[in-house]
Amino acid sequence: MPKLALPSALLAALLSAHAAPVAAQVAVSDAWVRGTVPGQMATGAFMQLKSPTDAALVAAASPAARIVEIHEMKMEGGVMKMSAVDRLALPAGKAVELKPGGYHVMLMDLKQPLKEGETVPVTLTFEDKAGKKTTVEVKAPVKALTAAPAKH
């Protein structure tokens, strides 16, 4: 049976005619995970997020932990409290910092200690105003337990 050869320009035109518009992706920068000591079962992941359109961080996952949640730390009645949040708003064009003492990704029930120099994969799920979800894969380096956030 003879092979049908399509000119590359025609093939490209046919493929692009059926391509769905690509959603603008959230930019993730300066990602890192705080290292742990033996027996420590939780740690935080920190980073900068910037979306070109209004969106929200709605979920996170990592093979390094059995439970991964978006957390917020805030002062209540003179006491610092940490709690899970369902979503973190990302206003269009504004950088949102996930940092120690604020919003962060909490990695809980760790499968093993995380040592400085290792890399932790984290999958972030974002949702736009229309409800469309997209994911971004992040490779976050592990920094020493005593690491402070990067200065901007």
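The following refers to the structure shown. Position labels on residues start from 1 in each chain and follow its written sequence. Side-chain atom pairs in this predicted model are given and counted only at pLDDT of 80 or more, local residue features only at pLDDT of at least 70, and totals for whole chains, interfaces and linings cover all residues. The basis for every side-chain value is the complete set of non-hydrogen atoms in the structure, without hydrogens or water.

Moving on to the packing of aromatic side chains. Pairing of aromatic rings covers Phe, Tyr and Trp, the last through its six-membered ring, and needs centres within 6.5 Å; plane angles under 30 degrees mean stacked, over 60 mean edge-to-face, and all others mean tilted. Within the structure shown, the criterion is met by 1 aromatic pair. Their ring planes at 40° and their centres at 4.7 Å tell us that Trp 32 and Phe 46 sit as a pair that is tilted. A residue pair is termed long-range when its members are at least 10 positions apart, and Trp 32 in strand β1 (residues 27–34) and Phe 46 in strand β2 (residues 42–50) qualify at 14 residues. Accessibility assignment for this pair places Trp 32 and Phe 46 in one class, buried. Only runs of H or I of at least four residues qualify as helices and only runs of E of at least two qualify as strands under DSSP, and these elements are numbered from the N terminus. Burial classes: relative accessible area under 20% of the type maximum marks a residue as buried, over 50% as exposed, and values in between as partly exposed (1.4 Å probe, protein chains only).

Moving on: the pairing of strand β10 (residues 133–143). For two strands to count as paired, DSSP must find a minimum of two bridges between them. Judged from the 2 bridges that link them, β1 and β10 form a sheet pairing that is parallel. Paired with Val 33 across the bridge in β10 is Val 142. Relative to β10, strand β9 (residues 119–128) is paired through 9 bridges, and the arrangement is antiparallel. Looking at the pairing, Glu 127 lines up with Lys 133 of β10. Taking the residues between adjacent antiparallel strands as the criterion, β9 and β10 are bridged by 4 residues, where Gly 131 takes a positive phi near 90°.

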